[in-house]
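Structural features, examined
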Amino acid sequence: MECVFGLVGKGFALVVADASAVHSILLHKSNEDKIMILDSHKLMGASGEAGDRAQFTEYIQKNVALYQFRNGIPLTTAAAANFTRGELATALRKSPYFVNIILAGYDKETGPSLYYIDYIASMHKVDKAAFGYGSYFSLAMMDRHYHSNMTLEEAIDLVDKCIIEIRSRLVVAPPNFIIKIVDQDGAREYGWRKSINDDHISAA
Amino acid sequence: MSIFEYNGSALVAMVGKNCFAIASDRRLGVQLQTIATDFQRIYKIHENLFIGLSGLATDAQTLYQRLVFRHKLYQLREERNMKPETFASLVSAILYEKRFGPYFCQPVIAGLGDDNKPFICTMDSIGAKELAKDFVVAGTASESLYGACEAMFKPDMEAEELFETLSQALLSSVDRDCLSGWGGHVYVV
């Protein structure tokens with residue numbers, strides 16, 4: 001099952017997601033990128049139904065860009081989170097998106113922030129969040145080791161601890177994980193944690 | 001599990017001597033898993049009017065946004081704040097609009113009316129108002145809350161005593177409910 005989690009550190013926020021594209025018992029690929037870069041300083045990690053995930057995150061990304069074109073300034077993380085919640089809430093009683101979202105962003109005035117948005121559009125600003133079966137392990141690990149204002153080294157160490165826990169204790173543990181970071185220098189890929197390397201097979 | 005018990009919540013409001021207090025728990029959960037321990041369930045509409053929304057968190061957030069919108073429009077048109085009784089009727093009407101596809105929320109409204117007369121009421125998810133002179137409760141811990149409030153309530157308490165009574169009633173009730181807890185927020189006006 002899909003594992004997405006995230007945490008806030010000193011001046012940065014991390015989002016980690018598994019990289020498996022699964023259909024019933026078949027693993028199609030294990031280098032799927034589930035963390036969408038919304039704009040220069042926002043990341044959106046998503047888990048849930050595959051089609052909804054790709055479609056909804058792209059929709060949010062394009063609308064965030066549209067706002068910037070129309071108004072000349074980018075949305076704040078809180079505004080983007082509220083917009084996302086609004087879209088999910090409006091669709092909820094018509095044709096719901098089955099996507100759980102962890103939205104991380106960095107604003108110059110307020111620093112890094114992380115938003116937990118459920119597929120039924122419950123939103124909350126948090127310091128650490130996780131979705132999926134992996135959340136039982138990563139949340140527990142983060143509850144134990146997380147403290148506010150962690151340095152990047154400490155945070156990556158905690159992320160690795162969570163990944164090790166998921167790999168060793170979840171029966172359908174995903175083999176590969178992608179880590180993305182957002183800080184004052186922007187949103188970018190930080191690294192991969194691979195136990196199956198299929199890069200030589202062309203990625204979609 | 002019922003949709004009202006998906007996120008877990010506990011809300012209670014009590015009347016005192018020219019004052020009221022409203023309290024909620026702080027847990028946001030997804031069934032058995034706790035997501036956050038600092039979730040806000042009570043919202044300020046204006047200085048003398050608070051609404052707490054128990055039940056499904058997403059509907060509580062949506063409903064709160066709609067109510068704030070309606071109240072701001074009211075303030076622009078009437079150039080004054082809404083009375084608590086009026087606001088309760090507004091909430092009831094908005095909930096009944098969705099009679100056959102309701103918001104899964106139970107509001108608790110607490111406010112000070114004219115002459116600082118405290119007003120509290122609760123309603124079910126389709127807007128059936130229940131006014132009370134002493135206390136109202138809502139949420140997954142409501143049965144425990146009824147018991148605790150009935151035992152601890154005294155009429156005409158001053159603000160400090162009201163705060164103590166309400167806090168103790170809330171904490172002892174949520175301790176018996178696994179879906180709510182992790183502390184409480186108490187507002188005394």
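Residues numbered from 1 in each chain as written. Chains lettered and ligands numbered in written order. Predicted model: local features only at pLDDT ≥ 70, side-chain atom pairs only at ≥ 80, totals over all residues. Heavy atoms only, no water.

1. Describing the interface of chain B and chain A
Stated precisely, the cut-off is as follows: Contact between two residues is taken to exist if any of their heavy atoms lie within 4.5 Å; hydrogens are not considered. Here the quantity called buried area is the total loss of accessible area, with a 1.4 Å probe, experienced by two parts when brought into contact, counted for both. Within this document, salt bridges are pairs made up of a side-chain nitrogen of Lys or Arg and a carboxyl oxygen of Asp or Glu, the two lying within 4 Å of each other. Throughout this description, a polar contact denotes any pair of N or O atoms lying within 3.5 Å of each other; where both atoms belong to protein, one of them has to be capable of donating a hydrogen while the other can accept it, and for residues adjacent in sequence the pair is counted only when both atoms sit in side chains. A run of H or I in DSSP becomes a helix once it reaches four residues, and a run of E becomes a strand once it reaches two; helices and strands are each numbered from the N terminus. Ten residues, namely Ala, Val, Leu, Ile, Met, Phe, Trp, Tyr, Cys and Pro, are considered nonpolar, four, namely Asp, Glu, Lys and Arg, are considered charged, and the remaining ones, Gly among them, are considered polar.
Taken residue by residue, the interface counts 22 residues in chain B and 17 residues in chain A. Summing both partners gives a buried area of about 1400 Å² for chain B against chain A, and 46% of it is carried by carbon and sulfur. Its largest share of buried area at the contact with chain A, chain B owes to Gln33, Ile35 and Thr58 of chain B, together 35% of the area lost on that side. The tally of links from chain B across to chain A stands at 1 salt bridge. Among the salt bridges present, the one from Arg93 of chain A reaches Asp59 of chain B, with a minimum N-O distance of 2.8 Å. Viewed at the interface, chain A and chain B are joined by 11 residue pairs in polar contact (both at pLDDT 80 or more). Considering each element in turn, the side of chain B that touches chain A owes the most residues, 6 residues, to helix α1 (residues 57–78) of chain B. Looking at the side of chain B that touches chain A residue by residue, the class counts come to 12 nonpolar, 8 polar and 2 charged.

2. Regarding the confidence of the model for chain B
The condition is simple: Summary of the metric used: pLDDT quantifies the predictor's per-residue confidence within the range 0 to 100.
Looking at chain B as a whole, the pLDDT averages 94, with 100% of positions reaching at least 70. Across the predicted assembly, pTM comes out at 0.92 and ipTM at 0.90.

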